[in-house]
Amino acid sequence: MKKFLRHETILAVLAIAVLCVLAYQSDRFFTVDNLLNQGRLMTEVGLVAILMTFVIATGGIDLSVGSIIGLTAILTGVFWQSVGLPLPLAALAAIACGTLGGFANGIIITRFGVPPLIATLATLALYRGLAEGISQARSVRGYPEWFYVLGQGNVLGVPTQLWLLILTAIAAAIVLGLTRWGRTVYAIGNNEVAARFSGLPVDRAKVAIYTMSGFAAAVAGVILVSRVSTTRSDMGTGLELDAITAVVLGGTSIFGGRGTIAGTVLGLIIIQALKNGLSLAGVKGDGTIVLIGVVLVATLLISNIVHRNGNR
Amino acid sequence: MAVADHPTPRSERSVLHRLYSAYGQEIVIVLALVVLFFVVGLINPRFLSPSNLNTIFSGNAYIAVAAIGMAMIIITGHIDVSVGALIGVLATISGTLAVAGYPVWVAWTVPVLVGMGVNALIGVMVAYARIPSIVVTLGMLSILRGGLISVTGGAWISGLPPEFLIAQAKPFGVPAPIYFMVILTLAAAFWMRYSEFGRSLYAIGGNAEAARASGIPIERRTVMVFMIHGAFAGLATLLFATQLQIIQSTVPPNLELTVITAAVIGGVSILGGTGTVVGSTLAAILFAAIGSALIFTNVSAYWLRAVIGVLILVTVLADMIRRRRQGRA
Amino acid sequence: MKKIILASLMSLSLTASFAHVAQAQSPWTGGDDLPTNPLACDATPATVEAKPYDGGEPTNAPDRKGKTIKVVDVPKLVGIGYFNATSKGIADAAAEMGSMDAKTDGPTKANIDDQITLIDNYITSGVDGILFAANDPVAIAPVLKKALAAGINVVGYDANSTPDARQWFVNQAEFNGIAKATIDSLAKEVGEDGAFAIVTSTFTTPNQARWIAEMAAYQAKCHPNMKWLETVEAQEDNILSFNQANTLINKYGDELKGIVGMTSVATPAAADAVTQANKCGSVAVVGLATPNAMRPYVESDCVKSVVLWNPVDLGYAAAYVLRAAADGDLKPGATSVKAGKLGDLSVINGSEVLLGAPFVFTKENIGQFDF
């Protein structure tokens, strides 16, 4: 338990430091409006990153989430406009397809033994390609007003999708930290062979995790469509790297076996705060990118030095 | 699957069988290339014309050269997602020096040195600070990408002196990139196989603890292999930056994914410990050939990426099945 | 189990793609499916019908007349010559006016998410004006409307948003005007029955898709014997554009008479490909590009002329339009606006400001420009 707390403590301290510095730099940063708005903007990455925590904690990785977002977005439009389904059904069907993509990842990884990095590298290309081919580079626009409430509206004063993010974070934290599924995840990450020998349902767990990762990406895709009111086949490009950055910053070890949802959430907050706060302080886009890179490496450097018990 | 449990002893296996199990992936790629050229050549003979072969081979040679370094990194059990951004930065440095009037050889060597330096830093963090390579290179990717725009302000570099453009040179009628690609691949392949350092990389990637126990200085070697990878990135930059008369100061999109995919398809196992640089070069060529072939065979442009994705999947699945059969999975 | 899943995935995607065939598509790959409006084949200018103002309005904008205003310019992406030029134009105008603080900050890749986030941050930071070139007209609308609601003046250039999301849009030239200029100069160089191919950025870039659609319509109307061969994608990467152009030259051999570059990245790369393949003179290169990038090819006579507008002027005009809108000098319903040294620019299509006729860079004048 002490080991788990260490990195998260560093992170919490860093988060507070970052928030304080940024609030000092600009008086528009620490307003309720701005913070809620940032919550809205980070939901898509957030949903993906929370489920990615499970994936990375098992020692795997999922690079195809960005492409699943694009594919789901396109399919939402296609099912609604070309196939003629009513919009809620179209969105659900699209989410089902995205989840299927995650499921396919899981099957390729467990049934065929392809390492997750390669498997999801391949599906990254494949799903994006499907999105481009199916959409034929056309966008679908003109959704009914009620659909935009999901991405652009508020519920009880808080952005709609932010509720979803909060609920997901709580649910995920409970599953990972308190249930048997969660312990299975850590066991797989620590030593997959031993986990298998102890009779844990390793393959089933992995398939479930990759399916859920696909599901999160698919839901994020629909939210994105609602937020920008159109569909494009290039949606979500590069999002996987943002999600992985947040998860790793949050203390999840890339080798597996370690990681908490709280850490991921802190990682997300730090990155979003930096992106927003630095811009408010007058730093341009490129400077922000450099700083985030430095923060990532520096945090892990510090964490490793503090932990100096030779982690795996 | 029972056959796999009792592999025939080495002495009993035929030469062909041994070649296949050692170089299976490379042979598959060569076969795929031959089939591709044959089939597409039938559909449109211009696919085999010297100028198109030149486009395929020398236009994409820089990917193959970068893949050599990447293959070494992956064999050692690491990965580098920042190589695309690094090449973008090195290209800008190279072009700036050339336009500023420095002698051409300076503009050619400085990128290689800078590449080695940047990657040495990455190597130190991976080896000594024990930060996973994917994390360090993820961070480095951001730093390089943002840094490039910050420093150049986004301006392109034009007015390159003609003697700088080495990629357009044609010694003895063969384009220079092809010399680079072939010579570097063969040299690296020999070195990986026959030098102690090269073989130790396989050991480190296969089982780091066992390697350490046999006295291999893992940390030093890790830093060195990253530096070598940086040198190859610098050499790839030479080909990349000198192909056209202007240099963009943006990061070539998706370059790192292409290079990693080429190395992986080439038989370099992401689990570390197996694969050859010859495989990654062949795979880079195969990729370029497929891209060209899809245009020649009029595959609808909208489905291009999907087709490539399917091909990657098929190759990888075939490789995994082949490994299973050999009892190596 | 696997097979069932694979089968359902395949059939799902097949259904979706078949469903799409039913939609009307541009005859050329890369064009969009919006209605086209080709110009007359001769030099008759287009009939411009007066349209009522259809732009958006800022809510409760403070009185900015005469005061220094903070403006941010958010192009499609940073790091390519074209937007460096527009940025320079904006900076020139700001310096000339003396009352505008302009800064360019754009995403490092041309996607909507980064651009929207950037604009959102600037809204929060309290800028007075936003200049933009949109990566997607509909996707950028919600955040621009948010800016208008916050009392910020919003003016677009180069790539439009939906009209109600901004006050004015500075249009370099009408889509059908660009199409006409490009196809006409192509026809002049390759002949009335020449075959040509197109190198574009991506099929989802709205401006390019619009131009290609209009080019297809114009060519069918006025040069029906010309033959479109194919369109290839090359992102915004010049090495990829170079390789794609080479592949086209290799594939079609002597049949290919011309290559059209749809972006300022593709055209110089295509020109380099033609030069290195020793096909200068037999393969014409036509398209959009900045003079610096094209100078070596124009000076070596490989490329006869580069049809474009002046992006520096475009940025310059956009800055002046924003100033006029912020000051209240440019109101809905106006028919022209004064833009510094460019003089009076006319208002068309309700809320668009037209920069003017396309600019042609040739061997004679290309030396005068540095962008």
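As the structure is a computational prediction, the values presented were derived from the model and not from experiment. (Residues numbered from 1 in each chain as written. Chains lettered and ligands numbered in written order. Predicted model: local features only at pLDDT ≥ 70, side-chain atom pairs only at ≥ 80, totals over all residues. Heavy atoms only, no water.)

A. Structural context of the interface of chain A and chain B. Each side of the interface is counted separately: chain A has 41 residues, and chain B has 37 residues. At the surface where chain A touches chain B, the tally comes to zero salt bridges. Counting the contacts that link chain A with chain B gives three residue pairs in polar contact (both at pLDDT 80 or more). When residues of the side of chain A that touches chain B are traced back to their parent elements, those giving at least two are α5 (87–111), α6 (116–135), α12 (239–249) and α14 (285–306) of chain A. When its residues are assigned to classes, the side of chain A that touches chain B shows 27 nonpolar, 10 polar and four charged. (Contact = heavy atoms within 4.5 Å. Salt bridge = Lys/Arg side-chain N within 4 Å of Asp/Glu carboxyl O. Polar contact = N/O pair within 3.5 Å; in protein donor to acceptor, adjacent residues only side chain to side chain. Helix = DSSP H or I, 4+ residues; strand = E, 2+ residues; numbered from the N terminus. Nonpolar A, V, L, I, M, F, W, Y, C, P; charged D, E, K, R; others polar.)

B. Structural view of the state of the cysteines. All names here are of chain C. For the coordinates displayed, the defined rule picks out two disulfides over all chains. Across the disulfide from C41 sits C222; the S-S distance is 1.8 Å. Residues C41 and C222 share a disulfide whose torsion about the S-S bond is about -85°; that sign makes it left-handed. Of this pair, C41 sits in the loop between α1 (2–21) and β1 (69–74) while C222 sits in helix α6 (residues 206–222); the two residues are 181 residues apart in sequence, bridging distant segments of the chain. A relative accessible area of 40% places C41 in the partly exposed class. The class of C222 is buried, set by a relative accessible area of 14%. Each disulfide pairs two cysteine sulfurs, and for C280 the partner residue is C302, the sulfurs being separated by 1.7 Å. The sign of the -95° torsion about the S-S bond sets the C280-C302 disulfide as left-handed. (Disulfide = S-S within 2.5 Å. Buried < 20%, exposed > 50% of the residue type's maximum accessible area, 1.4 Å probe, protein only.)

C. View of the sheet that holds strand β2 (residues 100–104) of chain C. All names here are of chain C. Read from one edge to the other, the open sheet built from eight strands follows the order β2-β1-β3-β4-β5-β13-β12-β11, with strand pairing classed as mixed. Sheet topology places β2 and β11 (336–338) at the edges, where each strand pairs with a single neighbour. On average, adjacent strands in this sheet sit at an angle of 25° to one another, irrespective of strand direction. Across the face of the sheet, helix α2 (residues 81–97) comes into contact with β1, β2, β3 (129–132) and β4 (153–157) while running at roughly 165° to β2. Each of β1, β2 and β3 touches helix α3 (residues 112–125); the most contacted strand, β1, lies at about 175° to it. (Pairing = 2+ DSSP bridges. Axes fitted to C-alpha atoms, helices over the stretch in contact; angles between N-to-C directions.)

D. Representation of the interface of chain C and chain A within the structure. With 41 residues of chain C in contact, the opposing surface of chain A contributes 47 residues. Around 3700 Å² of area is buried between chain C and chain A when both sides are counted, 58% of it from carbon and sulfur atoms. The interface formed by chain C and chain A holds two salt bridges in total. A salt bridge links R232(A) to D136(C), with the shortest nitrogen-to-oxygen separation between them at 2.7 Å. Linking chain C with chain A are 13 residue pairs in polar contact (both at pLDDT 80 or more). Listed by contribution, the elements that provide at least two residues to the side of chain C that touches chain A are α1, β2, α3 and α4 (141–149) of chain C. At nine residues, α3(C) tops the list of elements feeding residues into the side of chain C that touches chain A. By residue class, the composition of the side of chain C that touches chain A is 15 nonpolar, 16 polar and 10 charged. (Buried area = accessible area lost by both parts, 1.4 Å probe.)

E. Local environment of the environment of I69(A). Checked against the element boundaries, I69(A) lands in helix α4 (residues 65–81). Residues within four places of I69(A) in sequence aside, it is in contact with V48(A), A217(A), A220(A), G221(A), L224(A), M235(A), G236(A) and L239(A).

F. How the structure looks around the pairing of strand β10 (residues 305–308) of chain C. Residues and elements named next belong to chain C. Taking every second residue as pointing to the same face, both faces of β10 are buried, with S305 and V307 on one and V306 and L308 on the other. Alignment of β10 against strand β14 (residues 359–362), held across four bridges, turns out to be antiparallel. Along β14, the bridge assignment pairs S305 with T362.

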